[in-house]
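# Tertiary structure, described
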Amino acid sequence: MYQTTHNGWMKRHVVMLSVGCTSAIVVFFVGVSRIQPPQGRHEALDMMDIDEVVMPLRQAPSSFPRGTYRPNRRESEVSGAIDLGTFSPGRDLTYVEDDRAWWESDNDSGDTECDHTVHHSLRLPLETTIQLVAERGGVLKVQDSYRPHLVHNPKSLHKEGRAIDLTCNELPLEELAKICWQAGFDWVYHEKGSRNNGPHIHASVAR
Ligand SMILES: [Zn+2]
């Protein structure tokens, strides 16, 4: 009834369980299973592979004036509101290192937070932005990324590592805003800045 293949990988198990009842014996087929041969091992993706991923870029907008954002909808509608109840730092955050960028926390001894720490979903647009800025002769400056405490408002996506604040000395901020949009961030804001910080690009991603 059941055959075993010559290589022995496909074993079939028929487990018959007999249960005595007062008037009959009921037979259950508990399971027929196949044991699969082991999968060929796949090499883990390393940074070299990620660099080689070609991501289609969005078209650059013709302008991106200070004080405007893209798309022209609220950030919470586009990137999704913060939800610290489902957010898990250990599961959701990753560490990005790239020598072509400048990281604020590496240059501020009084800073206890790490600007290399971002949400998984933010990695690819960030890496792409670093690349596009470098191609234009600039160095992307990562000013703020994951900020679990204070600094940003209570609903800030920085608290989930889904937002990042960027500047660049070599390029106009409007140009950087266009690049961030091209690189695939879901929501990009060319911020005027406030009393606490100067003009910068705030960019965020959906979970
Ligand atoms: Zn921000």
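What you see as residue numbers is a count from 1 along each chain, following the sequence as written. Residues qualify for local features only when their pLDDT is at least 70, as the model is predicted, and side-chain atom pairs are given and counted only at 80 or more; totals for whole chains, interfaces and linings, by contrast, use all residues.

For the rest of this paragraph, the subject is the pairing of strand S7 (residues 141-144). A pair of strands is considered paired only if DSSP assigns at least 2 bridges between the two. Strands here mean DSSP runs of E at least two residues long; helices mean DSSP runs of H or I at least four residues long; both are numbered from the N terminus. Inspection of the sheet shows strand S5 (residues 102-103) paired to S7 by two bridges, in the parallel sense. Across the sheet, residue tryptophan 103 finds its bridge partner in S7, namely valine 142. Where S7 meets strand S8 (residues 163-167), three bridges bridge the pair, whose relative direction is antiparallel. Bridged to valine 142 within S8 is leucine 166.

Mean pLDDT over the chain stands at 80; residues scoring 70 or higher make up 71%. You can read pLDDT as the predictor saying how much it trusts each residue, on a scale of 0 to 100. We call two residues in contact when their backbone-placed C-beta atoms lie within 7 Å. Scored below 50 in pLDDT, residues 1-45 makes 30 contacts in the model with residues more than four places away or belonging to other chains.

Here we come to the nonpolar core. Grouped together as the largest cluster of nonpolar side chains are 35 residues, with contacts concentrated most on Cys180, Val188 and Ala203. Elements with a contribution of two residues or more to this core: helix H4 (120-135), S8, helix H5 (173-183), strand S9 (187-191) and strand S10 (200-204). No other element matches the seven residues that H5 contributes to this core. Non-local contacts of cysteine 180, meaning those with residues more than four positions away in its chain, are made with Thr129, Leu166, Phe185, Val188, Ile201 and Ala203. We define a nonpolar core as a collection of buried residues of the types Ala, Val, Leu, Ile, Met, Phe, Trp, Tyr and Cys that are connected via C-beta atoms lying within 7 Å of each other. To sort residues by exposure, count the other C-beta atoms lying within 10 Å of each residue's C-beta; 20 or more gives buried, 12 or fewer gives exposed, and values between give partly exposed, all with C-beta atoms placed from the backbone.

On to the pairing of S9, then. With four of five residues buried, S9 is to be regarded as a mostly interior element. Bridge count between strand S3 (residues 69-70) and S9: two bridges; the pairing is antiparallel. The partner of arginine 70 across the bridge, within S9, is valine 188. When S9 meets S10, the two strands line up antiparallel, connected through five bridges. Directly across from histidine 190, in S10, lies its bridge partner isoleucine 201.

Let us look at the sheet that holds S9. Spatially, S3-S9-S10-S8-S7-S5 is the arrangement adopted by the six strands of the open sheet, whose pairing is mixed. Both edges of this open sheet fall to S3 and S5, since each of them pairs with a single strand only. Packing against the sheet, H5 makes contact with S3, S8, S9 and S10, and its axis sits at approximately 175 degrees to S9. Throughout, an axis means a line fitted to C-alpha atoms (over the contacting stretch in the case of helices), and angles, computed between N-to-C directions, take values from 0 to 180 degrees.

The next subject is H5. In terms of burial, H5 is largely enclosed, as nine of its eleven residues are buried. Buried within H5 are the following residues: Leu173, Leu176, Ala177, Lys178, Ile179, Cys180, Trp181, Gln182 and Ala183. Residues of H5 that are buried sit in contact with S3, H4, S8, S9 and S10. Taken from the residues just after H5, glycine 184 is the one with a positive phi, measuring 105 degrees.

This next bit is on unusual backbone geometry. Each neighbour pair has its own omega, and for arginine 70 with proline 71 the value is -10 degrees, a cis peptide bond. Within the secondary structure, proline 71 sits in the loop between S3 and helix H2 (75-78).

Relative placement of two packed helices is described by the angle separating their axes and the distance separating the axes. The geometry of H4 relative to H5 is characterised by a closest axis approach of 9 Å and an angle of 135 degrees between their N-to-C directions. It follows from the interaxial angle that H4 and H5 lie oblique. Seen from above, H4 lies across H5 with right-handed handedness. Here Pro125, Thr128, Thr129, Leu132 and Val133 of H4 come into contact with H5, specifically with Ile179, Cys180, Gln182 and Ala183. Under the scheme applied, nonpolar residues are Ala, Val, Leu, Ile, Met, Phe, Trp, Tyr, Cys and Pro; charged residues are Asp, Glu, Lys and Arg; polar residues are all the others, including Gly. Residues of the contact of H4 with H5, tallied by class, amount to six nonpolar, three polar and no charged. Here is the rule for angles: anything less than 35 degrees is roughly parallel, anything more than 145 is roughly antiparallel, 65 through 115 is roughly perpendicular, and the remaining ranges are oblique. Rotating anticlockwise by less than a right angle from the far helix to the near helix defines a left-handed crossing, while the corresponding clockwise rotation defines a right-handed one.

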